[in-house]
Amino acid sequence: VTPAGAERRVRVEPASAPAYDVRIGAGILRRLAGDLPELLGAAPGRVFVALDAGVPGAFSAPLLDGIRAGGAEVSCWTIDPTERVKSLETLGVLLEKIAASRLERREPVIAVGGGIVGDIAGYAAASYRRGVPVIQCPTTLLAAVDASVGGKTGVNLSIPGDAGGSDLLKNMAGAFHQPVAVVADVLAFASLPDRELRAGLAECVKHGTIAGDWGDPDLFAWTRRTAAAVLARDEAALIECVERNVGVKARVVAADERERSDTGGRALLNMGHTYAHAMETLDGVGASGPDGPLEPPLLHGEAVGLGLIAAAACSRAMGRVGDDDVASVRDAVNACGLPTAVSGLPGDDALVARMAHDKKASGGRLRLTLLRSLGRGELISGPPLEAVSAGWSAIRA
Ligand SMILES: NC(=O)c1ccc[n+]([C@@H]2O[C@H](COP(=O)([O-])OP(=O)(O)OC[C@H]3O[C@@H](n4cnc5c(N)ncnc54)[C@H](O)[C@@H]3O)[C@@H](O)[C@H]2O)c1
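Residues numbered from 1 in each chain as written. Predicted model: local features only at pLDDT ≥ 70, side-chain atom pairs only at ≥ 80, totals over all residues. Heavy atoms only, no water.

**Overview of the packing of helix 7 (residues 219-231) against helix 8 (residues 235-255)**
Line of reasoning, step 1. Put simply, helix 7 and helix 8 touch, their axes get as near as 10 Å, and they point 150 degrees apart. Of the possible angle classes, the one that applies to helix 7 and helix 8 is roughly antiparallel. With respect to the hand of their crossing, helix 7 and helix 8 are arranged in left-handed fashion. For the pair helix 7 and helix 8, the contacting residues are Leu219, Trp222, Thr226, Ala229 and Val230 in the first and Ala237, Leu238, Glu240, Cys241, Arg244, Asn245 and Val248 in the second.
Line of reasoning, step 2. Per-class residue counts for the contact of helix 7 with helix 8 are eight nonpolar, two polar and two charged. (Axes fitted to C-alpha atoms, helices over the stretch in contact; angles between N-to-C directions. Helix = DSSP H or I, 4+ residues; strand = E, 2+ residues; numbered from the N terminus. Parallel < 35°, antiparallel > 145°, perpendicular 65-115°, else oblique. Left-handed = near helix turned anticlockwise from the far one by under 90°. Contact = heavy atoms within 4.5 Å. Nonpolar A, V, L, I, M, F, W, Y, C, P; charged D, E, K, R; others polar.)

**What to know about the pattern of salt bridges**
Line of reasoning, step 1. Under the counting rule described, the total for this entry stands at 29 salt bridges.
Line of reasoning, step 2. Here Asp146 and Lys249 are joined by a salt bridge, their closest N and O atoms 2.7 Å apart. Taken as a pair, Asp146 in helix 5 (residues 141-147) and Lys249 in helix 8 lie far apart in primary sequence, 103 residues in all. One exposure class covers both Asp146 and Lys249, and it is buried.
Line of reasoning, step 3. Of the charged contacts, one joins Asp218 and Arg244 as a salt bridge, the two residues approaching to 3.8 Å between their closest N and O atoms. You can see Asp218 sitting in the loop between helix 6 (194-210) and helix 7 and its partner Arg244 sitting in helix 8, a full 26 residues away along the chain.
Line of reasoning, step 4. Within this structure, Glu7, Arg9, Arg11, Asp21 and Arg31 form a network of salt bridges that share partners. (Salt bridge = Lys/Arg side-chain N within 4 Å of Asp/Glu carboxyl O. Buried < 20%, exposed > 50% of the residue type's maximum accessible area, 1.4 Å probe, protein only.)

**Description of the site of the ligand**
Line of reasoning, step 1. Close to the ligand lie 24 residues, the nearest being Asp52, Glu83, Thr139, Thr140 and Ser191.
Line of reasoning, step 2. A distance of 3.3 Å separates a nitrogen atom of the ligand from a polar backbone atom of Gly54.
Line of reasoning, step 3. The contact in question runs from an oxygen atom of the ligand to an N or O atom on the side chain of Asn171, over 3.1 Å.
Line of reasoning, step 4. Here the ligand loses 89% of its free accessible area of 870 Å² to cover by the protein chains.
Line of reasoning, step 5. Where the shell around the ligand is concerned, the elements lending two or more residues are helix 4 (115-127), helix 5 and strand 8 (166-176). (Near = heavy atom within 4 Å. Polar contact = N/O pair within 3.5 Å; in protein donor to acceptor, adjacent residues only side chain to side chain. Areas by Shrake-Rupley, 256 points an atom, 1.4 Å probe, with all protein chains shown as cover.)

**Description of the packing of aromatic side chains**
Line of reasoning, step 1. Inspection of the entire model under this criterion finds one aromatic pair.
Line of reasoning, step 2. Ring plane angle 65 degrees and centroid distance 5.0 Å describe the contact between Tyr275 and Trp392, whose orientation is recorded as edge-to-face. Linking Tyr275 in helix 9 (residues 273-280) with Trp392 in helix 13 (residues 385-395), this pair joins segments that are 117 residues apart in sequence. As far as the burial class goes, Tyr275 and Trp392 line up, both buried. (Phe/Tyr/Trp six-rings, centres within 6.5 Å; stacked < 30°, edge-to-face > 60°.)

**Here's the deal with the sheet that holds strand 4 (residues 73-79)**
Line of reasoning, step 1. Spatial ordering of the open sheet is given by 1-2-9-6-5-3-4, a layout of seven strands whose pairing is mixed. Both edges of this open sheet fall to strand 1 (7-12) and strand 4, since each of them pairs with a single strand only. Between one strand axis and the next, the sheet turns by 15 degrees as a mean value, whatever way the strands run.
Line of reasoning, step 2. Taken together, the six bridges between strand 1 and strand 2 (residues 20-25) define a ladder with antiparallel strand orientation. Within strand 2, the residue paired with Arg9 across the bridge is Arg23.
Line of reasoning, step 3. In the packing of helix 4 onto the sheet, the strands contacted are strand 3 (46-52), strand 4, strand 5 (109-113) and strand 6 (134-138), and the crossing angle to strand 5 comes to about 170 degrees. (Pairing = 2+ DSSP bridges.)

**Some thoughts on the nonpolar core**
Line of reasoning, step 1. Ranked by internal contacts, the top residues of the largest apolar core, which has 105 residues, are Ile110, Phe189, Val242, Tyr275, Met279 and Trp392.
Line of reasoning, step 2. Not counting chain neighbours up to four residues away, the residues in contact with Met279 comprise Val285, Leu298, Ala303, Leu306, Gly307, Val342, Leu345, Trp392 and Ile395.
Line of reasoning, step 3. Counting residues in hydrophobic clusters, the runner-up holds 21 residues, among them Ala50, Trp77, Leu103 and Ala121. (Core = buried A, V, L, I, M, F, W, Y, C linked by side-chain atoms within 4.5 Å.)

Here it is in structure tokens:
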């Protein structure tokens, strides 16, 4: 059990940017104001805060008050995040708000919110004056264990779709921009809807499926055992969950910051994601959670949970793991309160075509992160289409 207010730190050491700490604890966000001079090398005159509209004012106010008390001028910009709002248009609005605040080169953008706010504020910080410091303060479990760490930032692009309307290309424009610090205050999760908390656990199961090669071979089993405590918002469980998952991500990022490794590295973090991306932006797909049918659209984490089962079944079809391993992944996803089957999917051909469009495809060849064994991942180029289809069959309702 962590003593009240104590803070854990996980160091991230990217190859091309200064090392930084992910600070994890309960009630630690308010301390960030006092640490800004140390983190930035000087007390900032101005600070730009990008705020997620879902975050209660009572959670962010002590940070804003603390920064003002330290003598800095604070400009705040709030957005209600959706994948459609995570756009170039919104980025443009944000950049001009930052410019209007007269933020200078060494002054920070602080993102307080889920992954959408973190990604878009991070991208704005990467491009404003060709780069100002960003501090990520994740307020969803998904952002704490994944999106806020590792420096990927970006927005979605929208292009005309084959069937009319527009297709959303997720994270298709962006930049690598490592934060100078990440502050993951687990008290943020008190207000997070249950459905969002479950979605965050999907990325923890994902980390568990590869963690055997990244210093935490027990993570998959631990996540399965501890999911109920995390969902009950047990403070110690939340802190350990964030710490262990960030530990895995930090080690992967240190080994392959820019996702250049052909043998795995950062691409391993895409386990389940090529399947997830192919289904999460489809209209008409449906799934159920522990409380009955889920209101569409599927959340990213829900699609990732399904994608993990599909990736395991695809690995099984290639003879890489056994039926019991697929069952274990399905069981872990289920224990997180996430859907394990999805209805309304189009035929396999259409789905495989969507997967090949995913930016993880290389030279038109589908590349999939699959299981080598449960707990170890591997990047596979050109998996047999029957195996890819077996993945889809495993999750069709
Ligand atoms: N950069 C990366 O490496 C990376 C990794 C994984 C995911 N992502 C991106 O992250 C995004 C998903 O992030 P997400 O799951 O955090 O979703 P999100 O940003 O959409 O937030 C989910 C919802 O929770 C609300 N919310 C946030 N914090 C809250 C709080 N404390 N209390 C109550 N409500 C709160 C938000 O307003 C939103 O409605 C996707 O766009 C994905 O592409 C990026």
